[in-house]
Amino acid sequence: MKTALVTGGSRGIGRAIALELGKSCYVAVGYTSSKDSAEEVVGEIVKSGGEATAIQIDVTSSESIENAFTTIEKELNGVDILVNNAGITKDNILPRIKEDDWNDVINTNLTGSFKTSQRAIKHMMKNKWGRIVFISSIVGIVGNQGQANYAASKAGLIGMTKSVARELSSRGITANCVAPGYVETDMTNKLTDEIKSSLNEQIPLGRIGNVKDIAYAVAFLASDEASYITGQTLSVDGGMVM
Ligand code: NDP
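Everything in this summary refers to the structure shown in the same document. (Residues numbered from 1 in each chain as written. Predicted model: local features only at pLDDT ≥ 70, side-chain atom pairs only at ≥ 80, totals over all residues. Heavy atoms only, no water.)

1. What to know about the overall build of the chain
Test applied: Only DSSP runs of H or I reaching four residues or more are called helices, and only runs of E reaching two or more are called strands; each is numbered from the N terminus. Radius of gyration means the value over C-alpha atoms here, while the globule rule gives 2.2 Å times the residue count to the 0.38 power. Under the scheme applied here, a residue whose accessible area is under 20% of the maximum for its type counts as buried, over 50% as exposed, and between as partly exposed, the area being computed with a 1.4 Å probe on protein chains only. Whether two residues are in contact is decided by their heavy atoms: any pair within 4.5 Å suffices. Charged residues are defined narrowly, with Lys and Arg counted positive, Asp and Glu counted negative, and His plus the chain ends left uncounted. To locate a charge, take atom NZ for lysine, CZ for arginine, CG for aspartate or CD for glutamate.
Looking only at helices and strands, the chain features nine helices and seven strands. Its C-alpha atoms give the chain a radius of gyration of 17 Å, near enough to 18 Å, the size a compact globule of 242 residues would have. In terms of overall dimensions, the chain has a C-alpha envelope of 50 × 35 × 35 Å along the principal axes. The 242 residues of the chain split such that 49% are buried. Across the chain, every contact between residues at least 6 apart in sequence was considered, and the portion connecting residues at least 24 apart equals 71%. Across the chain, 24 positive and 27 negative side-chain charges occur, with their mean positions spaced 5 Å apart.

2. Considerations on helix H3 (residues 62–76)
Just so we agree on the cut-off: What a helix is expected to span follows from its residue count: subtract one and scale by 1.5 Å.
Over its 15 residues, H3 extends 21 Å from the first C-alpha to the last, a length consistent with the 21 Å expected when each residue adds 1.5 Å. Lining the buried residues of H3 we find strand S1 (3–6), strand S2 (26–31), strand S3 (51–56), strand S4 (81–84) and helix H4 (99–127). Downstream of H3 by a residue or two, Asn 77 has a phi angle that is positive, lying close to 80 degrees.

3. Here we look at the site of the ligand
Formally: Residues are labelled near a given molecule or strand when at least one of their non-hydrogen atoms is within 4 Å of it. For the purposes of these results, a polar contact is taken to be a pair of N or O atoms within 3.5 Å, where, inside protein, one atom must be able to donate a hydrogen and its partner to accept one; residues adjacent in sequence count only when each atom of the pair is a side-chain atom. Note that accessible areas follow from Shrake-Rupley with a 1.4 Å probe, and for residues the cover is restricted to the protein chains shown.
Inspection of the region around the ligand gives 30 residues, with Arg 11, Thr 32, Asn 85, Tyr 150 and Thr 185 positioned closest. One of the side-chain N or O atoms of Tyr 150 is found 2.5 Å from an oxygen atom in the ligand. Between the ligand and Thr 185 there is a distance of 2.5 Å, counted from an oxygen atom to a side-chain nitrogen or oxygen. Burial of the ligand by the surrounding chains reaches 92%, relative to a free accessible area of 890 Å². Residue assignment for the shell around the ligand shows that the elements contributing at least two residues are helix H1 (12–21), helix H6 (148–168) and helix H7 (186–189).

4. Describing the packing of aromatic side chains
This is how it is decided: Two aromatic rings from Phe, Tyr or Trp, using only the six-membered ring of Trp, form a pair when their centres are within 6.5 Å; if the ring planes differ by under 30 degrees the pair is stacked, by over 60 it is edge-to-face, and anything between is tilted. Criterion for a charge above a ring: Lys NZ or Arg CZ within 6 Å of the ring centre, and within 35 degrees of the ring normal.
Applying the stated rule across the entire model yields zero aromatic pairs. Looking at Lys 2, its charged tip hangs above the ring of Trp 129, at a distance of 4.3 Å from the centre.

5. Overview of the state of the cysteines
To keep it simple, the criterion reads: Disulfide: a pair of cysteine sulfur atoms within 2.5 Å of each other.
Tallying each qualifying case throughout the model produces zero disulfides. Not engaged in a disulfide, the cysteine Cys 25 finds its nearest cysteine sulfur in Cys 177; these two sulfurs lie 19 Å apart.

6. Examining the side chain of Thr 3
Inspection of the secondary structure assignment puts Thr 3 in strand S1. Among the residues examined, Thr 3 registers a relative accessible area of 4% and is labelled buried. When near neighbours in sequence (up to four residues on either side) are disregarded, Thr 3 contacts Tyr 26, Ile 72, Leu 76, Gly 78, Val 79, Asp 80 and Ile 81.

7. Things to note about the sheet that holds strand S5 (residues 130–135)
Going by this rule: Strand pairing follows a simple DSSP-based rule, namely that at least 2 bridges must link the two strands. Under this scheme, a helix contributes an axis fitted over its contacting stretch, all axes are lines through C-alpha atoms, and angles between N-to-C directions fall in the 0 to 180 degree range.
Here we have seven strands laid out as an open sheet, ordered S3-S2-S1-S4-S5-S6-S7, and parallel in their pairing. Looking at strand neighbours, the two that pair on one side only are S3 and strand S7 (233–236), the edges of this open sheet. Strand-to-strand twist in this sheet, taken as the mean axis angle between neighbours without regard to direction, amounts to 20 degrees. Sheet topology places S4 next to S5; four bridges connect them, and they run parallel. By the bridge assignment, Asn 84 is partnered in S5 with Phe 134.

Take a look at the structure:
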């Protein structure tokens, strides 16, 4: 059975990805502080007949990343499937973005994914098999007002994916991005009903996304069936970006 690590797997999109991968893989459910929520995801996977464990991994800390990977390698051999899902927003228009808010978003969304990927490929290269899935955003493709830092981080993931895909394809490792549109989670719960209904009008399929919509796409890209797909960015957005 393959082992998958999902960063930020305790809630939102990461939680749905962990549950979906739990149908076919051993899942390490990453959390930073919300251990109880991660344990709850583990419980759901186990209840459905799967196997999982909760693992603390803060992607902004090299030490935390090293500890998490060392634990997984001791207990489960290594990470075969890495889902770089952890992400934050600190929105503001360009003149008002504080340097700390720029750095926090880049460090978590982009540098965090670089560090976990760099660590994960040690095992994948030895094994000549691996899947890396980055969770980008349609904002990384088309931009968004008030999200220069977030868009830069998510566009960066798309470039990183293509480079990593080119470097590692000869080792049986694929790297792909999923770019969600607007999905109902804590991150988007802050939006007013007015914004949500105006968003609905921009979505050809007429609804805001569900976390499962993203999880299904990730599970496919992580599967053996996706072995001929690498360096791609798959928008899962109800048709917002075509
Ligand atoms: P949530 O805010 O609901 O969850 C974010 C997750 O990231 C949490 O599990 C959180 O963990 C984790 N996280 C935050 N900082 C760190 C860190 N330093 N180290 C490890 N984990 C961290 O967000 P969503 O589920 O909505 O988003 C998940 C991903 O999808 C993000 O990358 C986001 O940018 C992307 N996305 C979301 C969209 C949406 O509409 N919701 C649209 C496009 C992309 P903890 O619980 O421990 O804080």
